[in-house]
Amino acid sequence: MDLSYNQIEVVEFTSNQLERLNPKNKVLKKLILNFQGNPIACNCSNYDLFRFIQDKAVHDEYKPIVFDGTSDVNTCSPPNVSINQIDLTNLTCNIVNGCPSPCKCSYLPHNDLITVNCTSANLAQMPQHLNVTLMDNRAISRLWNVTKNRSIQLVLRNNSIQEFLLGPLDGYELVTELDLSFNQIKHEKDVIIQNFPQLKVLNLTHNHLQSLSQKFINLVLSSKITSLFLSGNPWKCDCHITSLYGIIKPTNDKLKDPEKIICNGSDIPLHSIQSSEEFCPVIEDTGNDDFLLIVIIISLVIFIMVGLLTICLYYKYQHPIRVWLFAHRLLVCCVSEEDMDKDKVYDAFVSYSQEDYGFVVH
């Protein structure tokens, strides 16, 4: 079949189309297809065509189908390269609907993977939903009868995200890879595991994490996560880091960068510390705890009783006390002449000679 030198950009090389060329009830020894001279597009809409040319691992009834010309003749553009040289594992196209703004989305048919790339998008929080779909279903591989589950790779690298969104969240159940590196996350949340049931790769490097709770560690260990990255955080190596130390010593296969987890303020890798007692000493029980508690309680009771007694005495004898303080010029800021005379009806002025000062004053 000669289809050379036309304007064909996309070839729907699906199983239905092949069955029309090679019906199962007929014996076809050889079918030669010629697409030379066509502007075949180098994108994932032609994924099945490219894979058929590169890989003959299809059903026997399709094996008689061959393409005319060498690998140098069967090319696609741009960039005008041989189809046999295309890396199908990285062949993507921008055919995604519902891409969150201002992110960029692409589809990888080889893994049936949608990538939502929000790198350096000035985001203060994670996208509210991931309701992404494909605009062109021709990119979905139908020739290879391999059951795949649609998955999403969410890249939120280098933003200002401080916390995880609370769920449930639309579309997040399809996320298998989550990159939250270079953000401002201070505290881990259990929802990061609970709201991502299919999550396999979690990157929390270069955030503001200082410790991880034991509950979070347990959820990671029991989840589908196979790759966890935690380096570049200001880890505070004290008793709160014990749970993280527990998956470094002994080494856990899920944690992929244990040698890069450094104690904040030093260059000591956490995995090089031989025992948790080096950063979380065990305090021995000296038997004096009960005695110390009794002493503290008695001291508090005495302090309260003295305080109450002082208050009672002051309110009973406050006038003589204030007169005495005023006369001796003590605590003048708390005792004024107006306060001393506020309950008096008349003011009295005494005039005397300097020679009588001692008699009048004393």
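Residues numbered from 1 in each chain as written. Predicted model: local features only at pLDDT ≥ 70, side-chain atom pairs only at ≥ 80, totals over all residues. Heavy atoms only, no water.

1. Thoughts on the pairing of strand β10 (residues 175-179)
Here is step 1: Within β10, 4 of the 5 residues are buried, which leaves it mostly tucked inside the rest of the structure.
Here is step 2: Here strand β9 (residues 151-155) pairs with β10 via 4 bridges, running parallel. Looking across to β10, one finds that isoleucine 152 is bridged to valine 175.
Here is step 3: Alignment of β10 against strand β11 (residues 201-203), held across 3 bridges, turns out to be parallel. Bridge pairing in β11 places glutamate 177 opposite valine 201. (Buried < 20%, exposed > 50% of the residue type's maximum accessible area, 1.4 Å probe, protein only. Helix = DSSP H or I, 4+ residues; strand = E, 2+ residues; numbered from the N terminus. Pairing = 2+ DSSP bridges.)

2. Notes on the environment of glutamine 184
Here is step 1: Note that glutamine 184 resides in the loop between β10 and α3 (191-194).
Here is step 2: For the pair formed by glutamine 184 and asparagine 159, sequence separation is 25 residues and the distance between their alpha carbons is 7.9 Å.
Here is step 3: Excluding its chain neighbours within four sequence positions, the residues that come into contact with glutamine 184 are Ser160, Ile161, Gln162, Asn207 and His208. (Contact = heavy atoms within 4.5 Å.)

3. Topic: the nonpolar core
Here is step 1: Counting 72 residues, the largest nonpolar core has Val116, Met126, Leu178, Leu244 and Leu270 as its most contacted members.
Here is step 2: Apart from the residues within four sequence positions on either side, methionine 126 is in contact with Leu154, Leu156, Ile161, Phe164, Leu165, Tyr172, Leu178 and Phe196. (Core = buried A, V, L, I, M, F, W, Y, C linked by side-chain atoms within 4.5 Å.)

4. Thoughts on the state of the cysteines
Here is step 1: Under the definition given, this model contains 6 disulfides.
Here is step 2: Through a disulfide, cysteine 44 is tied to cysteine 93; the S-S separation comes to 1.6 Å. In this pair, cysteine 44 is assigned in the loop between β1 (31-33) and α2 (47-54) and cysteine 93 in the loop between β4 (81-82) and β5 (96-97), connecting sequence segments 49 residues apart. Residue cysteine 44 shares its accessibility class with cysteine 93, and that shared class is buried. (Disulfide = S-S within 2.5 Å.)

5. Considering the pattern of salt bridges
Here is step 1: Under the defined criterion, the tally for this structure stands at 2 salt bridges.
Here is step 2: Arginine 150 is the partner of aspartate 112 in a salt bridge, and the nearest nitrogen-oxygen pair spans 2.6 Å. In this pair, aspartate 112 is assigned in the loop between β6 (104-108) and β7 (113-117) and arginine 150 in the loop between β8 (133-134) and β9, connecting sequence segments 38 residues apart.
Here is step 3: For aspartate 112, a relative accessible area of 9% corresponds to the buried category.
Here is step 4: Given a relative accessible area of 28%, arginine 150 falls into the partly exposed group.
Here is step 5: Put simply, lysine 236 and aspartate 238 hold a salt bridge, and the shortest N to O gap is 3.9 Å.
Here is step 6: For lysine 236, a relative accessible area of 48% translates into the label partly exposed.
Here is step 7: Using a relative accessible area of 18% as the deciding quantity, one classes aspartate 238 as buried. (Salt bridge = Lys/Arg side-chain N within 4 Å of Asp/Glu carboxyl O.)

6. Concerning unusual backbone geometry
Here is step 1: For the bond from serine 101 to proline 102, the omega torsion is 5 degrees, close enough to zero to count as cis.
Here is step 2: Positionally, proline 102 belongs in the loop between β5 and β6.
Here is step 3: You will see that serine 120, though not glycine, has its phi angle at about 50 degrees, which is positive.
Here is step 4: Mapping serine 120 onto the fold places it in the loop between β7 and β8.
Here is step 5: A positive phi is found at asparagine 122, a non-glycine position, where the angle reads about 60 degrees.

Function-wise, these values are silent; they only describe arrangement.
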